[in-house]
Amino acid sequence: MKISVIGCGYLGSVHAASLASVGHDVIGIDVDADKIDALSQGRSPIFEPDLPELLSEGIASGRLRFSTNMADARDAELHFIAVGTPQSAGAGSADLSYVDGAFDDLVPYLTEGDVVVGKSTVPVGTAVTHVADVEARGAHLVWNPEFLREGFAVKDTIRPDRLVYGVAYGDEYSVQKLNEVYATAIESGSPVIVTDFATAELVKVSANAFLATKISFINAMAEIAEVTGADVTKLADAIGHDNRIGRKFLNAGVGFGGGCLPKDIRAFTARAEELGRGESVAFLKEVDAINLRRRERVVELVTEELGGSVFQKKVAVLGLAFKPNSDDVRDSPALDVAVRLNGLGAKVVATDPEAIANSRALHPQLVYGTTDEALAGADAVVVVTEWPEYKQLDPAAVHEVVRTPIVIDARNCLDADAWADAGWEYAGLGRQVKNGRA
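No experiment lies behind these values; they were computed from the predicted model shown.

Conventions we followed
- Residues numbered from 1 in each chain as written.
- Predicted model: local features only at pLDDT ≥ 70, side-chain atom pairs only at ≥ 80, totals over all residues.
- Heavy atoms only, no water.
- Pairing = 2+ DSSP bridges.
- Helix = DSSP H or I, 4+ residues; strand = E, 2+ residues; numbered from the N terminus.
- Axes fitted to C-alpha atoms, helices over the stretch in contact; angles between N-to-C directions.
- Parallel < 35°, antiparallel > 145°, perpendicular 65-115°, else oblique.
- Left-handed = near helix turned anticlockwise from the far one by under 90°.
- Contact = heavy atoms within 4.5 Å.
- Nonpolar A, V, L, I, M, F, W, Y, C, P; charged D, E, K, R; others polar.
- Buried < 20%, exposed > 50% of the residue type's maximum accessible area, 1.4 Å probe, protein only.
- Lys, Arg positive; Asp, Glu negative; His and termini not counted.
- Salt bridge = Lys/Arg side-chain N within 4 Å of Asp/Glu carboxyl O.
- Phe/Tyr/Trp six-rings, centres within 6.5 Å; stacked < 30°, edge-to-face > 60°.
- Lys NZ or Arg CZ within 6 Å of the ring centre and 35° of its normal.

**Observations concerning the sheet that holds strand β7 (residues 163-167)**
At step 1: Read from one edge of the open sheet, 8 strands run β3-β2-β1-β4-β5-β6-β7-β8, paired in mixed fashion. Unpaired on one side and paired on the other, β3 (64-67) and β8 (192-195) mark the two borders of the sheet. Between one strand and the next, the sheet's axes are offset by a mean angle of 25°, whatever the strand orientation.

Quick look at the structure:
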């Protein structure tokens with residue numbers, strides 16, 4: 001099928017390349033000329049496993065191309081809107097200017113029988129504000145939320161765990177068209193849920209709200225564990241065996257970040273208040289507050305372990321991205337911890353396998369380096385992103401290069417006993433300090 005993807009950021013670039021990889025003829029369109037130039041050369045604007053290969057293969061095959069000209073979308077049968085919906089400046093609500101702009105620019109090029117597919121995460125009620133303009137051109141509107149996990153985005157696009165279509169009542173035509181787009185996924189067993197616009201819009205934000213709540217719940221338990229002597233990791237293991245609860249997303253630590261969960265729960269809260277149902281999701285404000293407190297707690301732990309002050313102490317911050325297998329530092333707890341420690345006068349040396357460039361663009365005041373440079377002569381080591389290379393560090397070898405063997409495990413991803421046995425003072429979140437130092 002001939003497909004256009006409007007917006008070539010994280011979502012759009014992955015979606016365009018993935019659809020081309022299963023045989024569709026795709027054009028990606030974005031107003032950012034530098035981004036389009038890079039993509040046209042097969043260079044990914046983000047770090048995402050498997051994406052560079054898909055871009056190169058798609059371009060070489062002729063099935064994938066990129067443009068800054070919306071008129072190039074004219075020949076497509078389906079048009080995916082994949083622009084960002086960032087948090088509004090000074091408010092919790094979603095900024096829909098990119099979505100509105102994408103519709104305004106695309107509508108003049110629609111022809112009868114086209115299908116416009118919203119993929120952007122939007123507040124409930126957004127689709128109905130655009131349906132009249134789309135239908136006036138003889139086209140159809142569908143809302144098809146994305147459920148990508150950074151680090152697994154290609155897999156989640158080609159083999160999604162579910163496909164949700166929000167359509168106008170009786171619009172079987174759009175359902176058929178989307179089924180053709182996703183034929184490979186459907187044949188592989190991905191279930192299709194057909195519903196209305198409002199339900200489709202609510203699916204993504206509801207899922208993110210649930211996941212954020214689960215993370216903040218176990219982090220709240222970590223706060224209790226720290227003052228009672230309990231171990232939150234054992235607690236999570238125990239309650240996670242209950243199949244009504246499950247173990248996934250029950251990992252206490254520095255909390256969630258990135259471009260989805262934080263902004264989405266704030267936007268959901270703001271929209272509920274606009275609808276007069278703010279009390280229904282009022283708990284999400286506490287979910288957000290618990291999450292932000294975890295960053296403060298990591299800084300407190302570092303300060304406590306260094307005798308009450310981090311001033312002029314060298315602190316190695318391992319990790320800057322909000323999660324491993326990503327270079328995304330949007331609302332990253334790891335980067336926030338580095339900035340806070342630096343603000344208290346610590347000599348921070350921060351490192352990350354992929355996110356240094358993005359971090360430097362936001363916070364040029366920080367000192368960045370390799371893992372070896374960060375660890376050399378460090379008074380404390382803070383693991384804030386659970387990259388495999390940090391989890392696999394040899395505590396005995398690292399002991400030889402630091403000044404003081406103190407490690408703060410802000411993701412509870414290290415083997416506490418192994419580090420203590422190697423002579424380290426180990427401190428995790430919701431876990432008791434293990435002092436292996438002589």
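Moving on from the coordinates now.
**A closer look at the packing of helix α12 (residues 283-305) against helix α13 (residues 333-343)**
At step 1: Two numbers describe how α12 lies on α13: the axes approach to 9 Å, and their chain directions differ by 45°. With respect to α13, the element α12 is oriented oblique. For the pair α12 and α13, the crossing hand works out as right-handed. In contact with Arg-295, Glu-296, Val-298, Val-299 and Val-302 of α12, α13 contributes Pro-333, Asp-336, Val-337, Arg-340 and Leu-341.
At step 2: Looking at side-chain class alone, the contact of α12 with α13 contains 6 nonpolar, no polar and 4 charged residues.

**Quick notes on the environment of Gly-92**
At step 1: Tracing the backbone through its elements, the reader meets Gly-92 in the loop between β4 (78-81) and α4 (97-106).
At step 2: Here the alpha-carbon distance between Gly-92 and Pro-262, two residues 170 residues apart in the chain, equals 9.7 Å.
At step 3: In contact with Gly-92, other than residues within four places in its own chain, are Gln-87, Lys-263, Arg-266, Ala-267 and Ala-270.

**Notes on the packing of helix α9 (residues 197-228) against helix α11 (residues 261-274)**
At step 1: Where α9 contacts α11, the two axes come as close as 9 Å, and the packing angle between them is 115°. Relative to α11, the element α9 lies roughly perpendicular. Between α9 and α11 lies a crossing whose hand is left-handed. For the pair α9 and α11, contact is made by Leu-202, Lys-204, Val-205, Ser-206, Asn-208, Ala-209, Leu-211, Ala-212 and Ile-215 and by Leu-261, Asp-264, Ile-265 and Phe-268, respectively.
At step 2: Within the contact of α9 with α11, the residues separate by chemical class into 9 nonpolar, 2 polar and 2 charged.

**Examining the side chain of Lys-314**
At step 1: With respect to the helices and strands, the residue Lys-314 is situated in strand β9 (residues 314-318).
At step 2: There is no salt bridge for the buried Lys-314, and the closest opposite charge comes from Asp-379, which lies 8.3 Å off by N-O distance.
At step 3: Apart from the residues within four sequence positions on either side, Lys-314 is in contact with Lys-347, Val-349, Glu-373, Ala-374, Ala-376, Gly-377, Ala-378, Asp-379 and Ala-380.

**Let's talk about the pattern of salt bridges**
At step 1: Applying the stated criterion across every chain yields a total of 28 salt bridges.
At step 2: The residue Arg-162 makes a salt bridge to Asp-161 at a minimum N-O spacing of 2.8 Å.
At step 3: The exposure class of Asp-161 is exposed, given its relative accessible area of 56%.
At step 4: When salt bridges that share partners are traced, they join Glu-223, Glu-226, Glu-286, Arg-293, Arg-294, Arg-297, Glu-300 and Glu-304 into one network.

**Brief notes about the packing of aromatic side chains**
At step 1: Tallying each qualifying case throughout the model produces 4 aromatic pairs.
At step 2: On the numbers, 6.5 Å between centres and 20° between planes, the contact of Tyr-165 with Tyr-182 is stacked. One end of the pair, Tyr-165, is in strand β7; the other, Tyr-182, is in the loop between α7 (172-181) and α8 (183-187), and 17 residues separate them in sequence. Grouping residues by exposure puts Tyr-165 and Tyr-182 together as buried.
At step 3: Note on Trp-419 and Trp-424: the rings are 4.9 Å apart at their centroids and 70° apart in plane angle, and the pair reads as edge-to-face.
At step 4: According to the relative accessible area criterion, Trp-419 is buried, its value standing at 3%.
At step 5: Sitting over the face of the ring of Phe-152, Arg-149 holds its NZ or CZ atom 4.6 Å from the ring centroid.
At step 6: Positioned above the aromatic ring of Phe-147 is the side chain of Arg-162, whose terminal nitrogen or guanidinium carbon lies 3.6 Å from the ring centre.

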